[in-house]
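An overview of the molecular structure
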Amino acid sequence: PGGGAMVAVQATEDEVLPYLTDGVGVAAINGPQSVVVSGEEDSVAAVVEVFREQGRKTSRLKVSHAFHSP
């Protein structure tokens, strides 16, 4: 969706899956400990915050749309 967000997260796909909603999904699996979540801004922010609180690295991607998302 336009105006959405994409964020790389230091986490496995299995770690991220429980936090996904209709508004956010896994856009890419970049490696064993690196995924990209994508979707509605607020939904992505909620998922990212869970992992930031655990001290995980996150990096917002500079994109115009939330590619590969619901």
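This text gives an overview of the structure that appears in the document. Just so it is clear, the model here is predicted, and its values are computed rather than measured.

Residue position: Met6 is located in strand S1 (residues 5–9). Note: C-alpha distance between Met6 and Gly39 (33 residues apart in sequence) is 6.8 Å.

Here we come to the nonpolar core. Grouped together as the largest cluster of nonpolar side chains are 12 residues: Ala5, Val7, Val9, Ala11, Val16, Val24, Val35, Val37, Val44, Val47, Val48 and Phe51. At the level of elements, S1, strand S3 (34–39) and helix H2 (41–53) are the ones that each hand at least two residues to this core. Of all the elements, H2 adds the most residues to this core, at 4 residues. Every residue in contact with Val35, bar those within four places of it in the chain, is listed here: Val7, Ala8, Val9, Ala11, Thr12, Glu13, Val16, Ala28, Ile29 and Asn30.

Now for the pattern of salt bridges. Evaluation of the coordinates by the stated rule reveals 2 salt bridges. We note a salt bridge from Glu15 to Arg56, for which the minimum N-O separation is 3.1 Å. One end of the pair, Glu15, is in helix H1 (residues 13–16); the other, Arg56, is in the loop between H2 and strand S4 (58–60), and 41 residues separate them in sequence. As a salt-bridge pair, Glu41 and Arg60 come within 2.7 Å of each other at their nearest N and O atoms. With Glu41 in helix H2 and Arg60 in strand S4, the pair connects residues that are 19 residues apart, well separated along the chain.

If you trace the 4 strands from one edge of the open sheet to the other, you get S2-S3-S1-S4, paired in antiparallel fashion. The open sheet has two edge strands with one neighbour each: strand S2 (24–31) and S4. The average undirected angle you get between the axes of adjacent strands in this sheet is 25°. Pairing of S2 with S3 involves 6 bridges; the strand directions are antiparallel. Pairing of Val24 across the sheet is with Gly39, part of S3.

What counts, and where the lines are drawn
- Residues numbered from 1 in each chain as written.
- Predicted model: local features only at pLDDT ≥ 70, side-chain atom pairs only at ≥ 80, totals over all residues.
- Heavy atoms only, no water.
- Helix = DSSP H or I, 4+ residues; strand = E, 2+ residues; numbered from the N terminus.
- Core = buried A, V, L, I, M, F, W, Y, C linked by side-chain atoms within 4.5 Å.
- Buried < 20%, exposed > 50% of the residue type's maximum accessible area, 1.4 Å probe, protein only.
- Contact = heavy atoms within 4.5 Å.
- Salt bridge = Lys/Arg side-chain N within 4 Å of Asp/Glu carboxyl O.
- Pairing = 2+ DSSP bridges.
- Axes fitted to C-alpha atoms, helices over the stretch in contact; angles between N-to-C directions.

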